[in-house]
Amino acid sequence: MFKEALKLIEKYDVIVIHRHSNPDGDALGSQIGLREIIRENYPNKTVYIVGDRTKRYAFMEGWEPDEIADEVYRNALAIVLDTSAKFMISDTRYTLAPATLRFDHHIFCEDICDVDIIDNTFESCCGLLTQFAVDCKLRLNRLAAKSLFTGMVTDSGRFRYDSANSRTFRLAAILTEQSFDPNEIYCELYADEFSNIQLRAEYTLKIKLAGDGVAYITTTKAELDKLVAERGVDSFAISRGMVGTMADIRGVDSWVNFTETEQGVLCELRSKKYNINPIAVKYGGGGHAKASGATVPDLDTAMKMVEDIKALHRGE
């Protein structure tokens, strides 16, 4: 599966690595991790990482994006990581490169690169890249291993999601052999500001039960604007950051967080038991079987999504 990818990496002396916008731990971990794998095994190659900036994961060593000119792409390989759809890619200049390569673990949405390596049985793109390194007998330095482990932890929900399996733990064990302290990662990942803990408490009170094992939260544009002005948060911190408040309610098997923005309503769908990805795809989104997202034009459309999830639960 990885032979074509390795050939491309070995062929090009300049490599630019992209990932999706609003990066999470897996997007950044895979980006940093792959850069370090290439540097460790091919020290004469020049490797850049590009994309938008982050506050939430700024604790990750080596995450800062490079500022590069369009000219860099002329004879470069562009690699896209952890991204299922073109519109999600941060920095569209990957199209300027003569060759493109993608590693992704989401359910297939569309062709993007010349060589697409997609395997949605992996819990994370970092897990997929770790397998790539193992199969191709590529060395892992400390930063590569630490970054890849961070992505595995975040996308597997601390190894709680059912996407984590025996392979996940075997690969994690290989990474932890590279002399980094996982507790350093956990302390940064799970420590939070008191204001954010208060915000999650407020969002717990916003939870609504729709029946049939479905829950949802709605944040209107006016509420979001107030939070931005008074708390300094952004839409991503509300949409992605607050969806987990519904995760452990007994009797709730699927849940959605709706966040109304100027660009539309951000919808974060999650489930313990059901494949909600087709519903996300129906509304123009995608992702994983039990963790997907979409953007819809208004809250009325968003509520139709709730009804679709309820119908899924009823077997309709």
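Just above sits the structure.
Chains are numbered independently. Their residues run from 1 in the order of the written sequence. In keeping with the predicted nature of the model, local features appear solely for residues at pLDDT of at least 70, side-chain atom pairs appear and are counted solely at 80 or more, and the whole-chain, interface and lining totals rest on all residues. Working from all heavy atoms in the structure, the side-chain values ignore hydrogens and water.

Peer 1: Help me understand the environment of arginine 74, please; the structure alone is not making it clear to me.
Peer 2: Relative to the elements of secondary structure, arginine 74 occurs in the loop between strand 2 (46-49) and strand 3 (76-81). Through-space distance from the C-alpha of arginine 74 to that of threonine 100 is 12 Å; in sequence the pair is 26 residues apart. Put simply, DSSP marks the helices as runs of H or I at least four residues long and the strands as runs of E at least two long, and each gets a number from the N terminus on.

Peer 1: Please clarify how the sheet that holds strand 2 should be interpreted in this entry.
Peer 2: Two pairing modes exist for strands in a sheet, parallel and antiparallel, and in both the strands are linked by backbone hydrogen bonds. In spatial order, the strands read 2-1-3-4-5; together these 5 strands make up an open sheet with parallel pairing. Of all strands in the sheet, those bounded by a partner on one side alone are strand 2 and strand 5 (115-118). Mean inter-strand twist for the sheet, computed between neighbouring axes without regard to direction, equals 15°. Whether two strands pair depends on DSSP finding at least two bridges between them. As judged from the 6 bridges shared by strand 1 (residues 14-19) and strand 3, these two strands associate in the parallel manner. Pairing of isoleucine 17 across the sheet is with isoleucine 79, part of strand 3. Of the strands in this sheet, strand 1, strand 3, strand 4 (99-104) and strand 5 touch helix 1 (residues 3-11), which is tilted by about 135° from strand 4. The sheet contacts of helix 2 (residues 25-41) involve strand 1, strand 2 and strand 3, and relative to strand 1 the element is tilted by about 165°. Only the stretch in contact is used when a helix axis is fitted, and all axes are lines through C-alpha atoms; the angle between N-to-C directions ranges over 0 to 180 degrees. By definition, residues are in contact when any of their heavy atoms lie within 4.5 Å.

Peer 1: Mind showing me how you'd approach the side chain of aspartate 119 here?
Peer 2: Relative to the helices and strands, aspartate 119 resides in the loop between strand 5 and helix 3 (125-135). Each residue is assigned to one of three classes by its accessible area relative to the maximum for its type, calculated with a 1.4 Å probe on protein chains only: buried under 20%, partly exposed between the two thresholds, exposed over 50%. Two residue types count as positive, namely Lys and Arg, and two as negative, namely Asp and Glu; His and chain ends fall outside the count. Should a side-chain nitrogen of Lys or Arg be within 4 Å of a carboxyl oxygen of Asp or Glu, the pair is scored as a salt bridge. For the buried aspartate 119, no salt bridge exists, and the shortest N-O distance to an oppositely charged side chain is 4.7 Å, to arginine 167. In this view, aspartate 119 contacts Met1, Asp104, His105 and Leu128; residues no more than four positions away in its chain are not counted.

Peer 1: Is there a simple way to think about the pattern of salt bridges in this case?
Peer 2: Side chains bearing opposite charge may pair, as long as their charged atoms lie close to each other. Scanning all chains against the criterion turns up 28 salt bridges. Ionic pairing is found between arginine 231 and glutamate 202, a salt bridge with its closest N-O pair at 2.7 Å. Remark: glutamate 202 occurs in helix 7 (residues 194-204) and arginine 231 occurs in helix 8 (residues 221-231); sequence separation between them is 29 residues. Of the charged contacts, one joins lysine 273 and aspartate 253 as a salt bridge, the two residues approaching to 4.0 Å between their closest N and O atoms. Taken together, the residues lysine 273 in the loop between strand 9 (264-271) and helix 10 (277-282) and aspartate 253 in the loop between helix 9 (235-239) and strand 8 (254-261) connect sequence positions 20 residues apart. Overall, the relative accessible area of 57% leaves lysine 273 in the exposed class. A single salt-bridge network, built from bridges that share partners, covers Asp24, Arg240, Glu268 and Arg270.

Peer 1: Can you help me understand the packing of helix 2 against helix 3 in this one?
Peer 2: Axis angle and axis distance: for two packed helices, these are the angle between their axes and the distance between the axes, and together they describe the pair. For the pair helix 2 and helix 3, the least separation of the axes is 8 Å and the interaxial angle reads 20°. It follows from the interaxial angle that helix 2 and helix 3 lie roughly parallel. For the pair helix 2 and helix 3, the sense of crossing is left-handed. In contact with Asp26, Gly29, Ser30, Leu34 and Ile37 of helix 2, helix 3 contributes Cys125, Cys126, Leu129, Phe132 and Ala133. Each residue is assigned to one of three groups, with Ala, Val, Leu, Ile, Met, Phe, Trp, Tyr, Cys and Pro labelled nonpolar, Asp, Glu, Lys and Arg labelled charged, and all others, Gly among them, labelled polar. Tallied by class, the residues present in the contact of helix 2 with helix 3 amount to 7 nonpolar, 2 polar and 1 charged. Working definition: roughly parallel below 35 degrees, roughly antiparallel above 145 degrees, roughly perpendicular at 65 to 115 degrees, and oblique for all remaining angles. Left-handed is the label given to a crossing in which the near helix is rotated counterclockwise from the far helix by less than a right angle, and right-handed is the label when the rotation is clockwise.

Peer 1: In this structure, what is going on with the nonpolar core? I would like to understand it.
Peer 2: Inside soluble globular proteins, nonpolar side chains tend to come together where they are buried. Counting residues in hydrophobic clusters, the biggest one holds 51 residues, and the most contacted among them are Ile79, Leu101, Phe103 and Phe132. Residues in contact with phenylalanine 132, not counting those within four places in the same chain, are Phe2, Ala5, Leu6, Ile9, Leu34, Phe103 and Leu138. What we call a nonpolar core is a set of buried Ala, Val, Leu, Ile, Met, Phe, Trp, Tyr and Cys residues that are connected through their side-chain atoms within 4.5 Å.

Peer 1: How should I be thinking about the sheet that holds strand 8 in this particular structure?
Peer 2: If you trace the 6 strands from one edge of the open sheet to the other, you get 6-7-8-9-11-10, paired in mixed fashion. Either end of the sheet is taken by a strand with one partner, and the two such strands are strand 6 (208-211) and strand 10 (286-287). Direction of pairing for strand 8 relative to strand 9: antiparallel, over a ladder of 8 bridges. By the bridge assignment for strand 9, serine 254 is matched with serine 271. Here helix 8 sits on the sheet and contacts strand 7 (214-219) and strand 8; the angle it forms with strand 8, its principal contact strand, is near 75°.

Peer 1: What's the story with the pairing of strand 8 in this structure? I'm lost.
Peer 2: Working note: regular strand, side chains alternate between the two faces of the sheet. Counting buried residues along strand 8, 7 of its 8 residues qualify, which places the element largely inside the surrounding structure. Relative to strand 8, strand 7 runs parallel, the two being bridged by 6 bridges. Of the residues in strand 8, the one forming a bridge with threonine 218 is phenylalanine 258. The hairpin turn running from strand 8 into strand 9, its antiparallel successor, is 2 residues long.

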